[in-house]
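If you want the building blocks of each chain, they are given just below.
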Amino acid sequence: MRRLDVAAEGGYARARRRLAEELSKSGVRDPRVLDAMVSVPRHLLLPEAMRDRSYAADAALPIGEGQTISAPVVVATMTQALALKGGETVLEIGTGSGYQTAVLAALAGQVVSIERIPRLAARARSALDKMGVLNAIVHLGDGSAGRPADAPFDAILVTAGAPSVPRPLLDQLAVGGYLVGPFGSRESQSLLRFCRKEDGSFVREVIGRCKFVDLIGEWGWAA
Ligand code: SAM
């Protein structure tokens, strides 16, 4: 039994290395991000029946409660856009499975993640514990208003789609930091990046187009 598990883990490790090669061809160039994608065992965050699709670059998969684990290419692209150097405190809105949380934890000093669905928050906490991720904390609640008590954050990642960028999240971003997330209609969003300048203004860039599940809450969509 144990030998079988070791063989399976070896197969998953090879699949992650292939995934990193594919991601680098699709524009993910930051070597730290590629290393993180190689190190995080995404298959452990999926139901067994779906594990054979764990390392398909564009596979967003159902995780229950009507939610999805983001596709590796989306996770890597959004993570790269945060330009993390190590040591930062990152706020993540929408923990979901905990996969993106684990990738951020591999690159930053501390991750504060917020999930509104109790079952997903509990499952992600337990999965992150089992994976030995010690520098991420999962809070239950409406993340659309951020977490003023822990602000400012060096980087903020929103992993659910909102009509526009929630003002409280911009307010909680440190000077020089990036906020990345999907904003637009429920059917399709622009993946945007905001950088906070010293004078309090923001530089806004469009990274691409995407389709995320809804950010539901005070500064998102109504439930
Ligand atoms: N990044 C996650 C992963 O890797 O598994 C996937 C996130 S999933 C696309 C979006 C998540 O945002 C869902 O789990 C959903 O419940 C959560 N969500 C939606 N609105 C929220 C809110 N206001 N506060 C916190 N979480 C929210």
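Residues numbered from 1 in each chain as written. Predicted model: local features only at pLDDT ≥ 70, side-chain atom pairs only at ≥ 80, totals over all residues. Heavy atoms only, no water.

### Considerations on the site of the ligand
Reasoning step 1: With respect to spatial proximity, 27 residues lie near the ligand, and among them Ser97, Glu115, Asp142, Gly143 and Ile216 are the closest.
Reasoning step 2: In this structure, Gln100 approaches the ligand through a main-chain N or O atom, which is 3.1 Å from an oxygen atom.
Reasoning step 3: The backbone of Ile216 places a nitrogen or oxygen atom 2.6 Å from a nitrogen atom of the ligand.
Reasoning step 4: Here the ligand is seated within the largest cavity.
Reasoning step 5: Within the residue set of the shell around the ligand, elements represented by two or more residues are strand S2 (67-69), helix H4 (99-107) and strand S4 (110-115).
Reasoning step 6: Here the element with the most residues in the shell around the ligand is S2; it accounts for 3 residues.
Reasoning step 7: Across the shell around the ligand, the residue classes tally to 9 nonpolar, 13 polar and 5 charged. (Near = heavy atom within 4 Å. Polar contact = N/O pair within 3.5 Å; in protein donor to acceptor, adjacent residues only side chain to side chain. 1 Å grid on protein atoms, 1.4 Å probe; cavity = no way out; pocket = protein on both sides within 12 Å on 5 of 7 lines; lining within 4 Å. Sits in = over half its atoms within 2 Å of the grid points. Helix = DSSP H or I, 4+ residues; strand = E, 2+ residues; numbered from the N terminus. Nonpolar A, V, L, I, M, F, W, Y, C, P; charged D, E, K, R; others polar.)

### Observations regarding the pattern of salt bridges
Reasoning step 1: All told, the structure shown has 5 salt bridges when counted by the stated rule.
Reasoning step 2: Asp150 is paired through a salt bridge with Arg147; the nearest N and O atoms lie 2.7 Å apart. (Salt bridge = Lys/Arg side-chain N within 4 Å of Asp/Glu carboxyl O.)

### Structural notes on the layout of surface pockets
Reasoning step 1: In this structure, the largest pocket spans a volume of roughly 240 Å³.
Reasoning step 2: Examining the composition of the lining of the largest pocket, we find that 6 residues originate from one element, helix H5 (residues 118-130), more than from any other.
Reasoning step 3: Partitioned by chemical class, the residues of the lining of the largest pocket number 9 nonpolar, 3 polar and 2 charged.
Reasoning step 4: Size it by volume and the second largest pocket reaches roughly 170 Å³. (Points joined across faces, edges and corners; volume = space filled by probe spheres on them.)

### Some words on the pairing of strand S8 (residues 189-196)
Reasoning step 1: In terms of burial, S8 is largely enclosed, as 8 of its 8 residues are buried.
Reasoning step 2: Burial of the side chains of S8 extends over both faces: Gln189, Leu191, Arg193 and Cys195 are buried on one face and Ser190, Leu192, Phe194 and Arg196 on the other.
Reasoning step 3: In this structure, strand S7 (residues 173-184) lies alongside S8, joined through 7 bridges in antiparallel fashion. Within S8, the position partnered with Pro182 by the bridge is Leu191.
Reasoning step 4: In sequence, S7 turns back onto S8 through a hairpin of 4 residues.
Reasoning step 5: Remark: 5 residues form the turn of the hairpin made by S8 and strand S9 (residues 202-210), two consecutive strands paired antiparallel; Gly200 in that turn has positive phi of roughly 90 degrees. (Buried < 20%, exposed > 50% of the residue type's maximum accessible area, 1.4 Å probe, protein only. Pairing = 2+ DSSP bridges.)

### Details of the nonpolar core
Reasoning step 1: Residues Leu23, Met37, Leu82, Leu84, Tyr99 and Val103 are the most contacted members of the largest nonpolar core, which totals 49 residues.
Reasoning step 2: Of all the secondary structure elements, the ones that give two or more residues to this core are helix H1 (2-25), helix H2 (31-39), strand S1 (61-64), helix H3 (72-81), H4, H5, strand S5 (136-140) and strand S6 (153-158).
Reasoning step 3: Of the residues forming this core, the biggest block, 6 residues, is contributed by H4.
Reasoning step 4: If we skip the residues at most four places from it in the chain, Leu82 touches Val90, Leu104, Ala155, Ile156, Leu157, Tyr178 and Val180.
Reasoning step 5: Of all hydrophobic cores here, the second largest spans 18 residues; its members include Ile93, Ile114, Ala162 and Leu192. (Core = buried A, V, L, I, M, F, W, Y, C linked by side-chain atoms within 4.5 Å. Contact = heavy atoms within 4.5 Å.)

### Overview of the side chain of Thr95
Reasoning step 1: Within the fold, Thr95 resides in the loop between strand S3 (89-93) and H4.
Reasoning step 2: A polar side-chain atom of Thr95 sits 2.7 Å from a polar atom in the side chain of Ser113.
Reasoning step 3: Contacts of Thr95, omitting those with residues within four sequence positions, involve Thr101, Ser113, Ile114, Glu115, Ala124 and Val138.

### Concerning the packing of H2 against H4
Helix-helix packing is characterised by the crossing angle of the two axes and by the distance between the axes.
Reasoning step 1: Interhelical geometry of H2 versus H4 gives an angle of 130 degrees and a closest axis separation of 9 Å. Put simply, H2 runs oblique to H4. Relative to H4, the crossing made by H2 is right-handed. Within the contact between the two elements, H2 uses Arg32, Val33, Ala36, Met37 and Ser39 and H4 uses Tyr99, Val103, Ala106 and Leu107.
Reasoning step 2: Across the contact of H2 with H4, the residue classes tally to 7 nonpolar, 1 polar and 1 charged. (Axes fitted to C-alpha atoms, helices over the stretch in contact; angles between N-to-C directions. Parallel < 35°, antiparallel > 145°, perpendicular 65-115°, else oblique. Left-handed = near helix turned anticlockwise from the far one by under 90°.)

### Quick notes on the sheet that holds S7
Reasoning step 1: Here we have 7 strands laid out as an open sheet, ordered S5-S4-S3-S6-S7-S8-S9, and mixed in their pairing. The open sheet terminates on both sides in strands that have one partner only, identified here as S5 and S9. Going from strand to strand, the sheet's axes swing by 15 degrees on average, the running direction of each strand aside.
Reasoning step 2: Relative to S9, S8 runs antiparallel, the two being bridged by 8 bridges. Residue pairing in the sheet places Arg196 in a bridge with Phe202 of S9.
Reasoning step 3: This element, H5, spans S4 and S5 of the sheet and lies at about 165 degrees to S5.

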